[in-house]
Amino acid sequence: DREVKLRVPLHNIDGIVCFGRVLITHPAITECAANQVPIALLSRSGRFIASIRGPTSGNVLLRKAQYAASEDAKAADIARNLVLGKVANSRAVLLRHLRDHPDANPAGCVSAAVASLDGVVVRLQETAGLETIRGLEGEAASAYFGVFDHLIVSQKDKFQFRGRSRRPPLDMANALLSFIYAILTNDATGACEAVGLDPAVGFLHRDRPGRPGMALDLIEELRAFVADRLVLSLINRQQVSARDFETVEGGAVHLTDKARRAGLTTYQKRK
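Residues numbered from 1 in each chain as written. Predicted model: local features only at pLDDT ≥ 70, side-chain atom pairs only at ≥ 80, totals over all residues. Heavy atoms only, no water.

Asks: Tell me about empty space enclosed by the protein, and please be specific about residues and values.
Replies: Enumeration over the complete set of coordinates arrives at 1 cavity of 30 Å³ or more. As a volume, the largest cavity reaches approximately 40 Å³. Taken together, Val83, Lys86, Val87, Ser90, Glu137, Ala140, Ala141 and Tyr144 make up the full set of residues lining the largest cavity. The residue makeup of the lining of the largest cavity, split by class, is 5 nonpolar, 1 polar and 2 charged. (1 Å grid on protein atoms, 1.4 Å probe; cavity = no way out; pocket = protein on both sides within 12 Å on 5 of 7 lines; lining within 4 Å. Points joined across faces, edges and corners; volume = space filled by probe spheres on them. Nonpolar A, V, L, I, M, F, W, Y, C, P; charged D, E, K, R; others polar.)

Asks: Report on the pattern of salt bridges, specifying residues and quantitative values.
Replies: Tallied over the full model, the rule gives 15 salt bridges. When the shortest N-O distance is used, the salt bridge between Lys271 and Asp187 registers 3.1 Å. Taken together, the residues Lys271 in the segment after α8 (257-270) and Asp187 in helix α6 (residues 172-195) connect sequence positions 84 residues apart. For Asp187, a relative accessible area of 29% gives the class partly exposed. Beyond isolated ion pairs, a larger network of salt bridges with shared partners links Lys86, Glu137, Glu220 and Arg223. (Salt bridge = Lys/Arg side-chain N within 4 Å of Asp/Glu carboxyl O. Helix = DSSP H or I, 4+ residues; strand = E, 2+ residues; numbered from the N terminus. Buried < 20%, exposed > 50% of the residue type's maximum accessible area, 1.4 Å probe, protein only.)

Asks: Could you give an account of the packing of helix α3 (residues 74-100) against helix α5 (residues 130-146), with specific residues and numbers?
Replies: Orientation of α3 relative to α5, taken along the N-to-C sense of each, is 10 degrees, at an axis distance of 10 Å. Relative to α5, the element α3 is oriented roughly parallel. Between α3 and α5, the residues in contact are Ala75, Ala76, Ala79, Arg80, Val83, Lys86, Val87, Ser90, Val93 and Leu94 and Leu130, Ile133, Glu137, Ala140 and Tyr144, respectively. (Axes fitted to C-alpha atoms, helices over the stretch in contact; angles between N-to-C directions. Parallel < 35°, antiparallel > 145°, perpendicular 65-115°, else oblique. Contact = heavy atoms within 4.5 Å.)

Asks: Can you lay out the sheet that holds strand β1 (residues 16-19) for me, pointing to particular residues and giving the numbers?
Replies: Strand order in the open sheet formed by 3 strands is β1-β2-β3, and the pairing between neighbours is mixed. The strands lining the two open edges of the sheet, one partner per strand, are β1 and β3 (48-52). Between one strand axis and the next, the sheet turns by 20 degrees as a mean value, whatever way the strands run. In terms of strand pairing, strand β2 (residues 39-42) meets β3 through 4 bridges, oriented antiparallel. Within the sheet, the bridge partner assigned to Ala40 lies in β3 and is Ser51. (Pairing = 2+ DSSP bridges.)

Asks: So what about the packing of α6 against α8? Which residues, and what values?
Replies: Taken N-terminus to C-terminus, the directions of α6 and α8 make an angle of 45 degrees; their axes are 11 Å apart at the nearest point. Relative to α8, α6 is oriented oblique. Of the two possible hands of crossing, α6 and α8 adopt the one that is right-handed. Across from Phe179, Ile180, Ile183, Leu184 and Asp187 in α6, the residues of α8 making contact are Arg260, Gly263, Leu264 and Tyr267. Partitioned by chemical class, the residues of the contact of α6 with α8 number 6 nonpolar, 1 polar and 2 charged. (Left-handed = near helix turned anticlockwise from the far one by under 90°.)

Asks: Kindly report on the packing of aromatic side chains, identifying the contributing residues and their values.
Replies: Following the criterion strictly, the structure yields 7 aromatic pairs and no others. On the numbers, 5.1 Å between centres and 65 degrees between planes, the contact of Tyr144 with Phe145 is edge-to-face. Considered together, Tyr144 and Phe145 belong to a single accessibility category, that of buried residues. Three or more aromatic residues joined by ring pairs form one cluster here, namely Tyr144, Phe145, Phe148 and Phe161. Sitting above the plane of the Tyr181 ring, Arg223 keeps its charged end 4.5 Å from the centroid. (Phe/Tyr/Trp six-rings, centres within 6.5 Å; stacked < 30°, edge-to-face > 60°. Lys NZ or Arg CZ within 6 Å of the ring centre and 35° of its normal.)

Asks: I'd like to hear about the layout of surface pockets, residue by residue, with values.
Replies: Taken as a whole, the largest pocket holds about 1,400 Å³ of empty space. Lining the largest pocket are 43 residues, and of these Arg166, Arg167, Thr185, Leu216 and Arg223 lie nearest its centre. Looking at the lining of the largest pocket, the elements with two or more residues in it are β3, α3, α5, α6 and α7 (213-236). If one sorts the elements of the lining of the largest pocket by residue count, α6 sits on top with 8 residues. For the lining of the largest pocket, the per-class residue count stands at 17 nonpolar, 11 polar and 15 charged. Of the volumes computed, that of the second largest pocket is approximately 540 Å³. Lining the second largest pocket are 25 residues; nearest its centre among them are Asp14, Gly15, Ile16, Pro38 and Asp187. Looking at the lining of the second largest pocket, the elements with two or more residues in it are β1, α6 and α8. The biggest single contributor to the lining of the second largest pocket is α6, with 7 residues. Across the lining of the second largest pocket, the residue classes break down as 12 nonpolar, 8 polar and 5 charged.

In structure tokens form, the structure reads like this:
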């Protein structure tokens, strides 16, 4: 209704994230692009749709080196380090849970998951094959998410995690995870663009049209430490509740505006 809700100096903005049917004027887009302020367009549930950015910085030689490295033995070395970081941080999240909630370890299953991740770390250091590294990453993820429900110690009657589900998320915990992962991926994509790397060409993730493989590689180390711990905090500290979600036809669970606001605010503080 032509009422000014908020004014923010452009130099104070890291980026703009739009959920749902948000309209941005052409002058605003132009000004953001000129000042390297990325605009991300997401669905109401947090699924990435597109991004608008200014000219890519860096030089072509950097990207050529990236492309070359993705096709030779360096790819396995880089992928191994990414997965080692991811597994180490996943293990740290489980150990933190055991320290803070020693009683929430039924039949020692969380401790067993930690031991499983320890074994993956040893085997990662001994292997040289990219496919084997990808397989070990999947094994570690299975062990970690297999006990993730035990890390939820509050609102257990509403928030239950029965395995990772995507496109669409089928429970509230998965909806939160997918939402924060999407924001994290958008930040990683912007970081790649800022230094001149191609966000689509990764090392751990296979090349696929429309998938930001490099950005997904970069967030692997950050998933457990940044995103998963943030989601657990939102639930366990009751910063979100079951009323902040909606289930649509087909069983997909979406965040309401209140849940998105809580997630974004907490994410920004944690960053």
